[in-house]
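Fold and contact review
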Amino acid sequence: MRSIKKIEMPLTYEKVKGLKAGDMVEITGVIYTGRDSAHKRMVQALEKGDEMPFELEDSIIYYVGPAPAKPGAVIGSAGPTTSYRMDDLTIPLIETGLRGMIGKGTRSKKVIDSMVRHGAVYFAAIGGAGALIANSIKEAEVVAYGDLGTEAVRRLRVEGFPAVVAIDSYGGNIYDTEREKYKR
Amino acid sequence: MRELHVKEIENAVREMCISSNYNLPEDVYKKLSESKNTEESEIGRDILENIIKNADLAKENRVPICQDTGMATLFIELGQEVFLTGGDFEDAVNEGVRKGYEEGYLRKSIVRDPLLRDNTGDNTPAVIHLKIVPGDRVKIVVAPKGFGSENMSRIKMLKPSDGMKGVEDFVIQAVSEAGPNPCPPIFVGVGIGGTFEKVAETAKRALLRNVDDCNPDPSLAEMEKRLLLKINDLGIGPQGLGGRTTAIAVKVETYPTHIAGLPAAVAINCHATRHEERIL
Ligand code: SF4
């Protein structure tokens, strides 16, 4: 079994530079959720110079729209959503200090270029394993855009959140390299 | 003539929305478990193991397998000797969806206006495919489908001369381009023939078949096998992170078509292929 790297938030530039595509990680600390509509609003806020829902510097955004929490639960199932839909809206956030993203599926060349330029990393979590992933989420609280329902921005406190470094800050991308290995 | 109160339809829909989202069909579960033993990639095996763990957990704790509890898609066969009483049929189906998604703590993912994008708040309306059939029974299939995979489905109006090879190339291209996005291992439904709208529905219906069955037509059964091999040779693997398990099944369904056309559709479903059936 390969070893697992433990990541403590905040995710600094130095920590990002120590991660390589293919590394298995467990993330602990505070991360934020955001998907389609929240991205649109965050980028609009940036353009207008309005306040952001959270401090982007050295943060991680998790692309997720969780299911409602059952009574007594912190959150419902909460696996990643497909990342390419956020591609165009991601670049301004990376330029403002966003250090990591968690989602599923590969990213555009433009996003990868921006990750390399600014030092950011992209993690893949297992799509469709929302019940399992929810176990690593210890606190969840809506901090912005509550009207968006499942798409609102949430502050999550996670412990040992499981993910793989899919694209690193050097442009290494296991979506490309691994697929090539198993092609016949 | 048999009378059936629409409340019974509502109740069945409500219960199936919940249970189909909590319980992976057994055939799918079994196939995914088996593929763990044949997967060559270490990351791939690890992912498959977690997918199975996740399904176990969802069943045990009665929570959705995936947070994307989908747009409720229903295939209903209404016996022509059934006389529905007590209200509007479609309202009853939607009421079942509304209650199921609320009571089951399922995600509300539907926006009223596709351009303005305001959430309806109750996951309605459902998409209903209705067929009138002989008899006095009502068969209801609830198939919630997430959009990670729905977004990767494709349709193409091929030329008759493109033939079987043209269809196969199109399927492989669609799956290859989809890559990691539809949460592989995927379940692939292929529709061939009909019209523009019919072929999409045909492909969708193919997703309801059992993982292990094959088309009764030998040449289509061969096509299913061939496509499965070709897809798994793409190397996409579990979650697109490389491996030999890209698809667990390919199902092909056909419908007569026009002399000038060869419509083809690829409906892609994720490993969380969910559907449940009940006969009233
Ligand atoms: S594609 Fe399927 S498994 Fe993946 S996130 Fe969507 S519904 Fe869930």
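Located above this text is the structure these notes cover.
To keep things clear, this report deals only with the structure shown in the data block. All values derive from a computational prediction rather than experimental measurement.

Here we come to the site of the ligand. In the neighbourhood of the ligand, the contacting residues comprise Lys104 and Gly128 of chain A together with Cys66, Asp68, Gly146, Gly148, Ser149, Pro182, Cys183, Cys270, Ala272 and Arg274 of chain B. Chains contributing residues to the immediate surroundings of the ligand are chains A and B. Classifying every residue of the shell around the ligand by side-chain character gives five nonpolar, four polar and three charged.

Turning our eyes to something else, we now look at the sheet that holds strand β10 (residues 276-279) of chain B. Residue and element names in this part refer to chain B. An order of β4-β2-β5-β10 is seen for the four strands of this open sheet, with the pairing classed as mixed. Looking at strand neighbours, the two that pair on one side only are β4 (127-133) and β10, the edges of this open sheet. Ignoring strand direction, the axes of neighbouring strands in this sheet form an average angle of 15 degrees. Bridging between strand β2 (residues 71-79) and strand β5 (residues 138-145) involves eight bridges; their strand directions are antiparallel. Among the inter-strand pairings, Met71 is bridged to a residue of β5, identified as Lys145. Sheet contacts for helix α4 (residues 89-103): β2, β4 and β5; angle to β2, the most-contacted strand, approximately 140 degrees. Here helix α7 (residues 196-206) sits on the sheet and contacts β2, β4 and β5; the angle it forms with β4, its principal contact strand, is near 90 degrees.

By size, the foremost hydrophobic cluster in this structure holds 61 residues, and its most contacted members are Ile61, Leu93, Met101, Met115 and Tyr122 of chain A together with Leu32 of chain B. Of all the elements, helix α3 (residues 42-61) of chain B adds the most residues to this core, at eight residues. Contact partners of Leu32 of chain B, with chain neighbours within four places excluded, come to Leu24, Leu48, Ile51, Ile52, Pro185, Ile248 and His271 of chain B. Counting 26 residues, the second-largest nonpolar core is a separate cluster that includes Ile172, Ala178, Val250 and Val252 of chain B.

A negative phi holds for most residues other than glycine; trans holds for most peptide bonds. A cis geometry characterises the amide bond from Met9 of chain A onward to Pro10 of chain A, with omega recorded as -5 degrees. With respect to the helices and strands, Pro10 of chain A occurs in the loop between β1 (4-8) and α1 (13-17). Phi at Asp58 of chain A is positive, roughly 60 degrees, even though this residue is not glycine. With respect to the helices and strands, Asp58 of chain A occurs in the loop between α2 (36-48) and β3 (60-62). Positive phi values are uncommon outside glycine, yet Tyr105 of chain B reaches one of about 55 degrees. Structurally, Tyr105 of chain B is set in the loop between α4 and β4.

This part takes up the packing of helix α1 (residues 6-22) of chain B against α4 of chain B. Residue and element names in this part refer to chain B. For the pair α1 and α4, the least separation of the axes is 7 Å and the interaxial angle reads 35 degrees. The handedness of the crossing between α1 and α4 is right-handed. Contacts from Val6, Lys7, Ile9, Glu10, Val13, Arg14, Cys17, Ile18 and Asn21 in α1 reach Phe89, Ala92, Val93, Glu95, Gly96, Val97, Lys99, Gly100, Tyr101 and Glu103 in α4. Looking at the contact of α1 with α4 residue by residue, the classes come out as 10 nonpolar, three polar and six charged.

This next bit is on the environment of Ile110 of chain B. Residues and elements named next belong to chain B. Looking at the element boundaries, Ile110 is found in the loop between α4 and β4. Taking the relative accessible area as the measure of exposure, Ile110 reaches 6% and is therefore buried. Linking Ile110 and Ile259, residues 149 residues apart in sequence, is a C-alpha distance of 38 Å. Leaving out residues up to four positions away in the same chain, Ile110 has contacts with Gly70, Met71, Asp118, Asn119, Thr120, Gly121, Asn123, Thr124 and Pro125.

Before going further, it helps to examine the side chain of His271 of chain B. Its place among the elements puts His271 of chain B in the loop between β9 (262-269) and β10. For His271 of chain B, a relative accessible area of 2% puts it in the buried group. Beyond its immediate chain neighbours, meaning those up to four positions away, His271 of chain B contacts Gly127 and Gly128 of chain A together with Leu24, Val28, Leu32, Ile51, Cys183, Pro184, Pro185 and Gln239 of chain B.

Attention shifts here to helix α8 (residues 218-232) of chain B. Residues and elements named next belong to chain B. Its 15 residues place the ends of α8 21 Å apart at the C-alpha level, agreeing with the 21 Å of an ideal helix rising 1.5 Å per residue. Those residues of α8 that fall on the buried side of the exposure criterion are Leu220, Ala221, Met223, Glu224, Leu227, Ile231 and Asn232. The arc that holds the buried residues of α8, viewed along the axis, is 155 degrees, so those residues lie on one side. For α8, the exposed residues set more than 90 degrees away from the buried face come down to Pro218, Lys225 and Leu229. Where the residues of α8 are buried, they touch α6 (163-178), β7 (186-194) and β8 (247-257). A side-chain oxygen of the first residue of α8 lies 2.8 Å from the backbone nitrogen of Ser219; this N-cap is Asp217.

About the cut-offs
Starting afresh in each chain, residues are numbered from 1 along the sequence in its written order. Here the convention is simple: chains get letters from A, ligands get numbers from 1, in the order in which they are written. Local features in this predicted model are restricted to residues whose pLDDT is 70 or higher, and side-chain atom pairs enter the listing and the counts only when it is 80 or higher, whereas totals over whole chains, interfaces and linings include all residues. Hydrogens and water molecules were not included; the side-chain quantities draw on all heavy atoms of the structure. Residues are classed as near a molecule or strand on a simple rule: at least one heavy atom within 4 Å of it. Note that Gly is not counted as nonpolar here; it falls among the polar residues with everything else outside the nonpolar set of Ala, Val, Leu, Ile, Met, Phe, Trp, Tyr, Cys and Pro and the charged set of Asp, Glu, Lys and Arg. Only strands that DSSP links by at least two bridges are regarded as paired with each other. Helix numbers and strand numbers start at the N terminus; a helix is a DSSP run of H or I with at least 4 residues, a strand a run of E with at least 2. The convention used is that axes are lines fitted to C-alpha atoms, helices contributing only their stretch in contact, and that angles between N-to-C directions extend from 0 to 180 degrees. Residues count as neighbours in contact if any of their non-hydrogen atoms are within 4.5 Å of one another. The term nonpolar core refers to a set of buried residues drawn from Ala, Val, Leu, Ile, Met, Phe, Trp, Tyr and Cys, joined through side-chain atoms within 4.5 Å. Exposure is judged per residue with a 1.4 Å probe applied to protein chains only, and the accessible area is read against the type maximum: over 50% gives exposed, under 20% gives buried, and values in between give partly exposed. A clockwise turn of the near helix away from the far one marks a right-handed crossing, whereas an anticlockwise turn of less than a right angle marks a left-handed crossing. In a helix, the anticipated span is given by 1.5 Å times the number of residues less one. Throughout, the arc means the angular range of directions from the helix axis out to the C-beta atoms. In protein, a polar contact requires one atom able to donate a hydrogen and another able to accept it; more generally it is a pair of N or O atoms within 3.5 Å, and residues adjacent in sequence count only if both atoms are side-chain atoms.

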